[in-house]
Amino acid sequence: MLIACGNRRKASNAVEDFLRQNLVNAEFKTEYISMDSTYKVKDSVLIALQQQAPQDKAFKKGIKWDKPVPGKIIYMRMKVIQQEDTIVRTFYLDPEMTKVLAFKQN
């Protein structure tokens, strides 16, 4: 249980760092929804999500992405709360939970 909480905190920190750098409005709160890992998300899917990111009006254009590497991916669903608005996104992280590789709108 302690390891799971530590991993959730580490992943949440990576997502919050990403949000601070890339949200149009950098004032926000987050709420954790769920977290898991998978080997089923192909790197081509992550690249397609990266290419779709500029269409999300909550985020700045020109996000600098790391190239996804095939293998285990961590994904985390989060609520992002900004004043009266709440958005839900799934963030895909590297196995070390230090970088957001892509996100999708839920």
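The rules behind the values
Residues numbered from 1 in each chain as written. Predicted model: local features only at pLDDT ≥ 70, side-chain atom pairs only at ≥ 80, totals over all residues. Heavy atoms only, no water. Helix = DSSP H or I, 4+ residues; strand = E, 2+ residues; numbered from the N terminus. Buried < 20%, exposed > 50% of the residue type's maximum accessible area, 1.4 Å probe, protein only. Arc of directions from axis to C-beta. pLDDT = per-residue confidence, 0-100. Pairing = 2+ DSSP bridges. Axes fitted to C-alpha atoms, helices over the stretch in contact; angles between N-to-C directions. Contact = heavy atoms within 4.5 Å.

K.L.:
Break down the environment of Pro54 for me, with residues and values.
P.N.:
Tracing the backbone shows Pro54 in the loop between α2 (43-52) and β2 (73-82). The sequence separation of Pro54 and Pro68 amounts to 14 residues, and the corresponding C-alpha distance is 18 Å.

K.L.:
Give me α2: which residues, what numbers.
P.N.:
Residue pairs spaced three or four apart in an α-helix point in one direction, given the helix's 3.6 residues per turn. Every buried residue belonging to α2 is among Leu46, Leu49 and Gln50, and all of these are buried. All buried residues of α2 lie within an arc of 105° about the axis, which places them on one face of the element.

K.L.:
Outline the confidence of the model for the chain, supporting the account with residue identities and numerical values.
P.N.:
Per-chain confidence: the chain averages 93 in pLDDT, with 96% of residues scoring 70 or above. Mean pLDDT across the elements of the chain ranges from a minimum in helix α1 (residues 2-22), with 87, to a maximum in strand β4 (residues 100-105), with 97.

K.L.:
Any chance you could break down the sheet that holds strand β1 (residues 29-38) for me, citing the residues and the numbers?
P.N.:
Overall, antiparallel pairing links the four strands, which are arranged β1-β2-β3-β4 in an open sheet. The strands lining the two open edges of the sheet, one partner per strand, are β1 and β4. The mean inter-strand angle of the sheet, taken between neighbouring strand axes irrespective of direction, is 25°. The pairing of β1 with β2 spans nine bridges and is classified as antiparallel. The residue of β2 that forms the bridge with Met35 is Met76. Together, β2, β3 (85-93) and β4 form the strand contacts of α2, whose direction differs from that of β4 by roughly 65°.

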